[in-house]
There are 2 protein chains.
Amino acid sequence: MADTKRILLVVAYDGSDYHGWQAQEGKKTIEGELNSAIEKLTGNKTEVISASRTDAGVHGLCNLAVFDTDMNIEPSNISRALNSILPSDIVVRRSLEVDADFHPRKRKTSKTYRYKIDNESYPDPLKTRYAWFVSYELDIDKMRQAAGYLLGEHDFSSFCAAGSTAQTHVRSIDSIEITKNGPDICIDVTGGGFLYNMVRIITGTLVDVGRGRIEPENVKDILEARDRTKAGLTAPPQGLTLMNIEWDM
Amino acid sequence: MADTKRILLVVAYDGSDYHGWQAQEGKKTIEGELNSAIEKLTGNKTEVISASRTDAGVHGLCNLAVFDTDMNIEPSNISRALNSILPSDIVVRRSLEVDADFHPRKRKTSKTYRYKIDNESYPDPLKTRYAWFVSYELDIDKMRQAAGYLLGEHDFSSFCAAGSTAQTHVRSIDSIEITKNGPDICIDVTGGGFLYNMVRIITGTLVDVGRGRIEPENVKDILEARDRTKAGLTAPPQGLTLMNIEWDM
C-alpha cells in the first residue's frame, strides 16, 4: 500500500465568475472546483483545507490548499495534472509535499491584499474586471495620512461587515502602501489576519478621504467608535486580490 | 431646423466577447453596438465610419468613429449619454464635433498596437483574458534584433493572413519596442497601416525567434520570401490591443 502524502497547492484564480472560495452546495466556488478536480484525478472524494476564504468576486494569486492522497504521483506533477482538469480561470501554480500535520490556517501567517482603483474620467473597459472605477479626483497624500491611523493592533469593528462570526475584532495591520501610476492606484495591505470585508471597507473609507468627504484625522475617530456605520462604503469585490501569504514552513 | 453636426467618438472596448469591430448581420460586434446605441439616443438609424476594424477578440483603447446628427445636444455630452446605453465593455471616452468632411480612414494616420505576453511557467488567470500565455523562455535581445529587420517600408506578404483583400502588401513600420517587466512582455508596433493579422503574425514569428526556433537574421529571408507559410504562427487575438491612433486634425 502506498504511503499517504499531504500535498500543498498554491492556487491562483480569477474570482469574477465564482461565489467565492468556500465550497457551497449548488454554487460554483473555487474550492468546489478544486475538490472535484482532485476527485477526478485521485478517484477519492476530497475536501481541501485552505488558507483563506476569499469572498465572491475576489481574486487570488496564491491561496493555499492542502489534501491527503496515497496516489502514486510525483507531488510536483500534481499541479499540471490538476490544471488539465480545472477551468482556465483557476490555475494551480505549484504543488509540493508537506508534513502530515501541516495546516494552512493553524500557522502564524502574514497576508497581503491588493486593492486596485481605476481613477480617470471614463472607465477603461480592460480594467473593469479587476479594478474599481472611481472618477473623483483623489488626494493620495491624504489617503496615505489616513492609512497611518490604521497601522498596528486595533479593534477593527468599524471596518468589519455585519455577519462576522469572529470572536474578536482585534487585528493587526503591518503596512498599507498606496501607489499611483497614471490612473492606476494600488492599495497594498499586509497584516496577520483580516475580518469579513475589512480590506474593502478600509478602501471605501480611504477613497472617501481621497475625495474630501472625510478628513484623514477622522479615521482615528472612526476606528475608536467600533461602529461599522461610521466608516465608508464597502468597495466592490472585483478590485481585490489576495497577493501573497507568508508563513513559516 | 437644427444644423447637422459631425461627431467624432473615441471608443475603448474589451473585445473578448465580440466578433470584432465591424458590423455583421446577426453577430455581436463593437460597431453594431455603437450603431444601435446612437440610434437609441438620436432616434435615427446610423452607421458610423470608423478608423480601424479590429479582429474578433482584439481590444481597443482609442478606436475612432464618426456619425452625423442634427440632435440638439452638446457634442461633449454625447459620450456620457452613449455610455449609459452601451454595455459596460464598450466605453466612449470622448465625443467632440469635427468638420463635416472629417473621415477617419481618409487621413494619414499612425497606429500603435500592443501585444502582451504572459511569460512564466504557469498562466496567471488574471492575465489570460488580455495576454498570450507562453511558457518557453524567451530571449528578448534576439527578439529585438529580429524586429529590426521589419522596420521601414517592405512588402509584408509573409506577415499577412490569407483572405487579405488589400491591393498592395507594402506597408511601413516606424518602430517595434519590446519591453519586459517580470513575466510581462509587451511588443509595441507603430506604423502607418497594417495588413490582416499582421501584428499577430509578427508576434508569433518573434516568439519563435525568442524560443530559438528561428534565428533573428532569418526574419530578413522570411520577409523577402513574400510567403505567409515561411513566418511563424498567428498569435491569438486576446493579447492584442489597439493603443493609439495619431492623425492630423
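The structure we're discussing is the one just above.
> I'm lost on the interface of chain B and chain A in this one. Help?
Accessible area lost during the coming together of the parts is what is often quoted as the interface size. The interface is formed by 22 residues belonging to chain B together with 22 residues belonging to chain A. The contact between chain B and chain A buries some 1800 Å² in all, and 61% of this surface belongs to carbon and sulfur atoms. Of all residues in chain B, the largest losses of buried area upon contact with chain A belong to B:Tyr122, B:Pro125 and B:Leu126, amounting jointly to 40% of the total for that side. Across the chain B-chain A interface, the total number found is two salt bridges.

> Would you take a moment to explain unusual backbone geometry for this structure?
With the exception of glycine, most residues fall at negative phi, and the peptide bonds are largely trans. A positive phi is found at A:Asn197, a non-glycine position, where the angle reads about 65 degrees. Mapped onto the elements, A:Asn197 comes out in the loop between β9 (184-191) and α4 (198-210).

> Can you walk me through the relation of the copies chain B and chain A in this structure?
The operation relating the pair of chain copies consists of a rotation about an axis and a translation along that axis. Rotating chain B by 180 degrees and translating it 0.0 Å along the rotation axis places it on chain A, where the RMSD comes to 0.0 Å. What the rotation and shift describe, once combined, is the action of a two-fold rotation axis. Considering only C-alpha atoms, the part of chain B nearest the rotation axis is B:Arg129, at 5.0 Å. Both copies present the same face, since 100% of the interface residues in chain B are matched by interface residues at the equivalent positions in chain A.

> Any chance you could explain the packing of aromatic side chains here in plain terms?
Note on aromatic pairs: each is described by the distance of the centres and the angle between the planes. Following the criterion strictly, the structure yields eight aromatic pairs over all chains and no others. Ring centres 5.4 Å apart and planes at 50 degrees place the aromatic pair A:Tyr13 and A:Trp21 in the tilted group. Centre to centre, the rings of B:Tyr115 and B:Trp132 are 6.2 Å apart; their planes meet at 85 degrees, and the pair counts as edge-to-face. Placement of B:Tyr115 in strand β5 (residues 109-118) and of B:Trp132 in strand β6 (residues 132-133) is noted, with a sequence separation of 17 residues between them. The exposure class of B:Tyr115 is buried, given its relative accessible area of 0%. For the cation-ring pair, A:Lys28 lies above A:Tyr18, with the distance from its terminal atom to the ring centre recorded as 4.6 Å. One cation-aromatic arrangement involves B:Arg211 over B:Tyr136; the distance from NZ or CZ to the ring centre is 3.4 Å.

> What's the story with a negative patch on the surface in this structure? I'm lost.
All names here are of chain A. A surface patch of like charges, here negative, comprises Asp3, Glu97, Asp99 and Asp101. The topology assignment puts Asp101 in the loop between β4 (90-98) and β5 (109-118). Since its relative accessible area comes to 62%, Asp101 is described here as exposed.

The rules behind each value
Residues numbered from 1 in each chain as written. Chains lettered and ligands numbered in written order. Predicted model: local features only at pLDDT ≥ 70, side-chain atom pairs only at ≥ 80, totals over all residues. Heavy atoms only, no water. Contact = heavy atoms within 4.5 Å. Buried area = accessible area lost by both parts, 1.4 Å probe. Salt bridge = Lys/Arg side-chain N within 4 Å of Asp/Glu carboxyl O. Helix = DSSP H or I, 4+ residues; strand = E, 2+ residues; numbered from the N terminus. Least-squares fit on C-alpha atoms with pLDDT ≥ 70 in both. Phe/Tyr/Trp six-rings, centres within 6.5 Å; stacked < 30°, edge-to-face > 60°. Buried < 20%, exposed > 50% of the residue type's maximum accessible area, 1.4 Å probe, protein only. Lys NZ or Arg CZ within 6 Å of the ring centre and 35° of its normal. Patch = residues over 30% accessible without salt bridge, like charges linked within 9 Å, V, L, I, M, F, W, Y side chains within 5 Å. Areas by Shrake-Rupley, 256 points an atom, 1.4 Å probe, with all protein chains shown as cover. Lys, Arg positive; Asp, Glu negative; His and termini not counted. Charge placed at Lys NZ, Arg CZ, Asp CG, Glu CD.

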